[in-house]
Amino acid sequence: MARRIDVTGADGVRLAAWEFGDPAKAGPDPGEAAAPDAPGVLLLHGLMGRASHWASTARRLSARHRAVALDQRGHGRSEKPPEGAFTRDAYVDDAEAALEQLGLGPAVLIGHAMGALTAWQLAAKRPDLVRGLVISDMRASALGGASQREWAEWFTSWPVPFATLADVRKWFGEDDPWVERPNPARGEFYAEVMAESPDGWRPVFDPGQMLRSRETWVHDAHWEELAQVRCPALVVRGLDGELGRAEAQEMVRVLPRGQYAEVADAGHLIHYDQPEAWLAAIEPFLDSLDGE
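Residues numbered from 1 in each chain as written. Predicted model: local features only at pLDDT ≥ 70, side-chain atom pairs only at ≥ 80, totals over all residues. Heavy atoms only, no water.

Comments concerning the overall build of the protein
Here comes step 1: Check the secondary structure of the protein and you find 11 helices and 10 strands.
Here comes step 2: For 292 residues, the compact-globule formula gives about 19 Å, and the C-alpha radius of gyration of the protein, at 18 Å, lands near that figure.
Here comes step 3: Based on the C-alpha atoms only, the size of the protein along its principal axes is roughly 50 × 40 × 40 Å.
Here comes step 4: Sorting the 292 residues of the protein into buried and exposed places 54% on the buried side.
Here comes step 5: Taking the intrachain contacts of the protein between residues at least 6 apart in sequence as the baseline, contacts between residues at least 24 apart amount to 72%.
Here comes step 6: Of the roughly 12400 Å² of accessible surface on the protein, a fraction of 50% belongs to carbon and sulfur atoms. (Helix = DSSP H or I, 4+ residues; strand = E, 2+ residues; numbered from the N terminus. Rg over C-alpha atoms; globule rule 2.2 N^0.38 Å. Buried < 20%, exposed > 50% of the residue type's maximum accessible area, 1.4 Å probe, protein only. Contact = heavy atoms within 4.5 Å. Areas by Shrake-Rupley, 256 points an atom, 1.4 Å probe, with all protein chains shown as cover.)

Observations regarding the pattern of salt bridges
Here comes step 1: Counted by the stated rule, this structure contains 24 salt bridges.
Here comes step 2: The salt bridge involving R126 is made with E100; its shortest N-O contact spans 3.0 Å. Of the two residues, R126 is situated in the loop between α3 (114-125) and β6 (130-136) and E100 in helix α2 (residues 88-102); the sequence distance between them amounts to 26 residues.
Here comes step 3: With relative accessibility at 18%, the residue R126 sits in the buried group.
Here comes step 4: Taking the relative accessible area as the measure of exposure, E100 reaches 46% and is therefore partly exposed.
Here comes step 5: Between R202 and D199 there is a salt bridge, with its nearest N and O atoms 2.6 Å apart.
Here comes step 6: Here the residues in one salt-bridge network are D93, E96, E100, K125, R126 and D128, joined through shared partners. (Salt bridge = Lys/Arg side-chain N within 4 Å of Asp/Glu carboxyl O.)

Quick word on the nonpolar core
Here comes step 1: Membership of the largest hydrophobic core comes to 65 residues, with the highest contact counts inside it found for L42, M48, W120, L133, I135 and W158.
Here comes step 2: Ranked by residues supplied to this core, first place goes to α3 with eight residues.
Here comes step 3: With sequence-adjacent residues up to four places away left out, L42 is seen in contact with V68, L70, A95, A98, L99, L104, V108, L109 and I110. (Core = buried A, V, L, I, M, F, W, Y, C linked by side-chain atoms within 4.5 Å.)

Observations regarding the environment of R257
Here comes step 1: When you line up the elements, R257 lands in the loop between α9 (245-254) and β10 (258-263).
Here comes step 2: In this structure, the C-alpha to C-alpha distance between R257 and L279, residues 22 residues apart in sequence, is 21 Å.
Here comes step 3: With residues up to four places along the chain from it excluded, the contact list for R257 reads R230, C231, P232, A233 and E292.

What to know about the pairing of strand β2 (residues 14-19)
Here comes step 1: Buried residues dominate β2, accounting for five of its six residues.
Here comes step 2: As paired elements, strand β1 (residues 3-8) and β2 share six bridges and run antiparallel to each other. Counterpart to I5 in the pairing with β2 is A17. (Pairing = 2+ DSSP bridges.)

Regarding the packing of helix α4 (residues 145-157) against helix α7 (residues 207-215)
Here comes step 1: Two numbers describe how α4 lies on α7: the axes approach to 11 Å, and their chain directions differ by 170 degrees. On the basis of their axis angle, the class for α4 and α7 is roughly antiparallel. In this structure, α4 contributes S147, Q148, W151, A152 and F155 to the contact, and α7 contributes P207, M210, L211, R214 and E215.
Here comes step 2: Broken down by class, the residue content of the contact of α4 with α7 amounts to six nonpolar, two polar and two charged. (Axes fitted to C-alpha atoms, helices over the stretch in contact; angles between N-to-C directions. Parallel < 35°, antiparallel > 145°, perpendicular 65-115°, else oblique. Nonpolar A, V, L, I, M, F, W, Y, C, P; charged D, E, K, R; others polar.)

Topic: the environment of W171
Here comes step 1: By the element assignment, W171 lies in helix α5 (residues 165-175).
Here comes step 2: It is 9.6 Å that separates the C-alpha atoms of W171 and R186, two residues lying 15 residues apart in sequence.
Here comes step 3: In this view, W171 contacts W154, S157, W158, P159, F162, D176 and P177; residues no more than four positions away in its chain are not counted.

Re unusual backbone geometry
Here comes step 1: In this chain, G105 is followed by P106 through a cis amide linkage whose omega measures -10 degrees.
Here comes step 2: The residue P106 is located in the loop between α2 and β5 (107-112) in this model.
Here comes step 3: Residue V160 is joined to P161 through a cis peptide bond whose omega torsion reads 0 degrees.
Here comes step 4: The residue P161 is located in the loop between α4 and α5 in this model.
Here comes step 5: Phi at D265 takes a positive value of approximately 55 degrees, unusual for a residue other than glycine.
Here comes step 6: By the secondary structure assignment, D265 is in the loop between β10 and α10 (270-273).
Here comes step 7: Residue classification places D265 among the exposed positions, given a relative accessible area of 61%.

So this is what it looks like as structure tokens:
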């Protein structure tokens, strides 16, 4: 079951937040959802993602936490204003508004890729709202202009509209030039962000807005903000992901209370590639925070 909660983000942008666990119940029986006053968790997807990508994680965590996933601006069911701000400040302010309006803080922020950057920037800005941080496969170093140009070219290579969702899964899981070997999980990930239109299946987001979002962070390094995070933080990398081991370990060193975990046989989409191993990596960290 998924329950939508409307949130007002920066500049009045309408955002959709989602609870994927069962409704909270009274009583301590195993398998029952946590009470509404349970420790808060806010899950932030990456660029082109959506809250539903966190559904299995949120359901697992909902036994002991109030786990809420946010469709960030321009994504999922949230508003996609044509002339809206897609800056770092806008994304961070949206997450801050979600924590306050949902009454989740001080919460654990779990972020993937761009969502992880938003999470650690918010943790640096509002330490009173964040008690723990999980960073999933996001680099702190600058990626540069060449990376942005590659992404722009990649978007133009998509054979949209796709005739069927099976075509979506096949292209992103097998035929995409960026795929080194068949990856069904990647195909499922992208199928989740498609919507049916009169001429076929198209992404629910505007690729131009995605490039505008990415433009605001790929040219800069983010080590200084990482060093300002005072809460416990776990850096998680997939062994075949975009975050290399050396950079991940340097991030752990820069974080005042950093910890490290890695997931074998996982690429950039760790929580999709290896969902059980992903949970095994983060749950001990969450347990340690709950024990503080």
